[in-house]
Amino acid sequence: MVTDHDRGIHGYHHEKQEHLKRLRRIEGQIRGLQRMVDEDVYCIDILTQVSASTKALQSFALQLLEEHLRHCVADAALKGGDEIDAKVKEATQAIARMLRT
């Protein structure tokens, strides 16, 4: 059985344009932070924006992780064998990295 994953299509593929749009918004938030520092904005106001930017990135990461689980890990589960163990380990490590930040 040939799956999307075998064809090189990743879990985020179907939402790619939406993800790019979201990342451009986050990029705009980061540019806003640079502008705030350049304009000597009050520290707490900058920290508030940092928090919003961080939340936006975390939300994006969770969406991507969910898509990875639904697509890549599910595909490996269909195939069975060592591949499922590798994908679960990979996802677990990604979650651990996210929790450290």
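Up top is the structure these notes are about.
Residues numbered from 1 in each chain as written. Predicted model: local features only at pLDDT ≥ 70, side-chain atom pairs only at ≥ 80, totals over all residues. Heavy atoms only, no water.

Asks: I keep staring at the pattern of salt bridges and nothing clicks. Help me out?
Replies: Where charged atoms from two side chains of opposite charge come close, those side chains can pair. Tallied over the full model, the rule gives 5 salt bridges. Measuring nitrogen to oxygen at the nearest pair gives 3.1 Å for the salt bridge that ties Glu27 to Arg31. Note that Glu27 and Arg31 are positioned in helix α1 (residues 16-38) at a spacing of 4 residues, about one turn of the helix. The class of Glu27 is partly exposed, set by a relative accessible area of 41%. Across the pair Arg35 and Glu39 runs a salt bridge, and its minimum N-O distance is 4.0 Å. For Arg35, a relative accessible area of 49% puts it in the partly exposed group. (Salt bridge = Lys/Arg side-chain N within 4 Å of Asp/Glu carboxyl O. Helix = DSSP H or I, 4+ residues; strand = E, 2+ residues; numbered from the N terminus. Buried < 20%, exposed > 50% of the residue type's maximum accessible area, 1.4 Å probe, protein only.)

Asks: Explanation requested: a nonpolar patch on the surface in the structure shown.
Replies: A surface patch of nonpolar side chains, about 210 Å² in accessible area, is lined by Leu20, Leu23 and Leu57. Structurally, Leu23 is set in helix α1. A relative accessible area of 32% means that Leu23 is categorised as partly exposed. (Patch = residues over 30% accessible without salt bridge, like charges linked within 9 Å, V, L, I, M, F, W, Y side chains within 5 Å. Areas by Shrake-Rupley, 256 points an atom, 1.4 Å probe, with all protein chains shown as cover.)

Asks: When you look at the packing of helix α2 (residues 43-79) against helix α3 (residues 82-100) in this model, what are you seeing that I'm missing?
Replies: If you want to describe how two helices pack, look at the angle between their axes and the distance between the axes. Across the interface, α2 lies against α3 with an axial gap of 8 Å and an inter-helix angle of 165 degrees. With respect to α3, the axis of α2 lies roughly antiparallel. Every pair of crossing elements has a handedness; the one defined by α2 and α3 is left-handed. For the pair formed by α2 and α3, the contact residues are Ala61, Leu62, Leu65, His68, Leu69, Cys72, Val73, Asp75, Ala76, Ala77 and Lys79 on the first element and Glu83, Ile84, Lys87, Val88, Glu90, Ala91, Ile95 and Met98 on the second. By residue class, the composition of the contact of α2 with α3 is 13 nonpolar, 1 polar and 5 charged. (Axes fitted to C-alpha atoms, helices over the stretch in contact; angles between N-to-C directions. Parallel < 35°, antiparallel > 145°, perpendicular 65-115°, else oblique. Left-handed = near helix turned anticlockwise from the far one by under 90°. Contact = heavy atoms within 4.5 Å. Nonpolar A, V, L, I, M, F, W, Y, C, P; charged D, E, K, R; others polar.)

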